[in-house]
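# Coordinates in review
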Amino acid sequence: MEARWSELIAADQAHVWHPYGPMPAAVAPLPVVGAQGVRLQLADGREVIDGMASWWCAVHGYRHPVMDAAVSEQLGRMAHVMFGGLTHEGAITLAQRLVAMTPDGLEHAFFADSGSVSVEVAIKMALQAAMARDPGRTRLLTVRGGYHGDTFGAMAVCDPVGGMHHLFAGTLREHVFAPRPPDGFDAPLDEAWAAEVERLAERHAGELAAVIVEPVVQGAGGMRIHSPACVRFLRECCDRHGLLLILDEIATGFGRSGTLFAADHAGVTPDILCLGKALTGGYMTMAATLCTRAVADAITEHGGGALMHGPTFMANPLACAAALASTSLLLDGGWAADVARIERGLRAGLADACDIDGVREVRVQGAIGVVQLDHDVDVAAATAAALERGVWIRPFRDLVYVMPPYITGDDDLATVTGAVVAAARAG
Ligand SMILES: *Cc1c(COP(=O)(O)O)cnc(C)c1O
């Protein structure tokens, strides 16, 4: 590694705060100097396959020529312009496209600057729409095991044990938590679970505005997979009790779970949908909250009139250009075949992990592969074992998992699964 990197790392340790960590970071982060295709170029000259797609985002890999060209071209026109009172073609076309791609019935798009903010906007939409009918409806119902972001509104609906509730006790709104949906994509609807959700919805109906969940795959809350039947049940339960259904597809959206949106497995249209992460193919921070005509009408006519949100960088034109290019690549390309191919590769490659001492379960859904241990992962040891095999992963809690870019070829995928197995053994 070049000498100046030891100074840069010292400066990083002195001044830069990294995610979910102390200051300075317990383990110095690895410097990255470039990326191409599915590979990250490290400052010491190593090239490693990114098994994380930069936290679910980089579905087309890095420096994709179509993505690069779209962003450069937009840069030649304008990098940014405020969205209050002004509009631009990228935002209009992107809204039209998201409305067309997502389940029927979602008509309007609000552009936010991160996934967490799109969840805040979704909650605001639900509260303002409920206000139209009944100002007493100010709580949400959700399930345990969820993750919806790190801002205060979003934190309050994250899993109350695995999330940050204990740290901010007293400052988070107390919502209603139903049990985690039972495991298993193919499992029939669990009657006991459904009865408990129904009981909670009924008991709290007068104070609830909406139900919020991640459909089919719970991401950072524990990487659990449940049946589309659970999502269909939640839709019906919301309809019975006059609640809005918010689906958070920030992690699952854009093909990751095997269908374009995880709601498509269930054939369900939510009232409000959150998108983020892969929306811009990992190029820029952007998220969107979509809603139905009925939600928009309720807010506009009786819910305060205006939706009270407006980020400075709302509908940033560079991000819109990246999102348009990324969604074009998905719609024109073979994402479905790629995700199915990666699913097969993950199932085959991770099968070995079942036999390792300390492995509790292996789960695969779409282009998501998870090895759950029976203890917390030794992150340093697991990461080192994967790096030795040329793969970047970032385990957490008791989970070693990957969600590679869709362009990952079969040989690289075999390297990724081999590295996960080695990491599970080491961690
Ligand atoms: C990542 C994530 C968020 C938060 O998105 P940020 O862009 O990190 O704010 C919310 N919900 C889900 C399901 C996520 O995976």
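In this numbering scheme, every chain counts its residues from 1 along its sequence in written order. Reporting of local features is limited, given that this is a predicted model, to residues whose pLDDT is at least 70; pairs of side-chain atoms are given and counted only at 80 or more, and all residues count toward the totals for whole chains, interfaces and linings. Water and hydrogen atoms play no part in the side-chain values, which are based on all heavy atoms of the structure.

Right, let's talk about the overall build of the chain for a bit. Working definition: helices are DSSP H or I runs of at least four residues, strands are E runs of at least two. Numbering for both runs from the N terminus. Summing up its helical and strand segments, the chain has 14 helices and 16 strands in all. To get the radius of gyration, use the C-alpha atoms; to get the globule rule, take the number of residues to the power 0.38 and multiply by 2.2 Å. Taken over the C-alpha trace, the chain has a radius of gyration of 21 Å; the compact-globule value for 427 residues is 22 Å, and the two agree within 12%. In terms of principal-axis extent, the alpha carbons of the chain reach across some 60 × 55 × 45 Å. Here the chain displays about 17700 Å² of accessible surface, and carbon together with sulfur accounts for 56% of that area. Each accessible area is a Shrake-Rupley estimate made with a 1.4 Å probe; only the visible protein chains count as cover when residues are assessed.

What follows covers the UniProt feature "modified residue: N6-(pyridoxal phosphate)lysine" (unreviewed entry) in the chain. UniProt positions are given in the numbering used here, feature names are shortened, and annotations may be inferred rather than shown by experiment. In the numbering adopted here, UniProt assigns the feature "modified residue: N6-(pyridoxal phosphate)lysine" (unreviewed entry) to Lys277. Its location among the elements puts Lys277 in the loop between β11 (272-275) and β12 (287-292). Setting aside chain neighbours within four positions, we find Lys277 in contact with Trp55, Trp56, Cys57, Ile250, Ala251, Gly282 and Met286. Any two residues whose heavy atoms approach within 4.5 Å are treated as being in contact.

Moving on: helix α8 (residues 228-241). Side chains of residues three or four places apart in an α-helix project in the same direction, reflecting 3.6 residues per turn. Helix span is expected to be 1.5 Å times the residue number reduced by one. The first and last C-alpha atoms of α8 sit 20 Å apart over 14 residues, in line with the 20 Å expected at 1.5 Å per residue. For α8, the complete set of buried residues consists of Pro228, Ala229, Cys230, Val231, Phe233, Leu234, Arg235, Cys237, Cys238 and His241. Turning to α8, the residues buried within the fold contact α7 (191-204), β7 (208-213), β10 (244-248) and α9 (263-266). Pairs of N or O atoms within 3.5 Å make up the polar contacts considered here, provided that, within protein, one atom can donate a hydrogen while the other can accept it, and that residues adjacent in sequence are counted only when both atoms are side-chain atoms. Measuring from the backbone nitrogen of Ala229 back to the side-chain oxygen at the start of α8 gives 2.8 Å, which picks out Ser227 as the cap. Looking one or two residues past α8, Gly242 carries a phi angle of roughly 65°, positive in sign. Here the term buried applies to any residue with accessible area under 20% of the maximum for its type, exposed to any over 50%, and partly exposed to those in between, with areas from a 1.4 Å probe on protein chains only.

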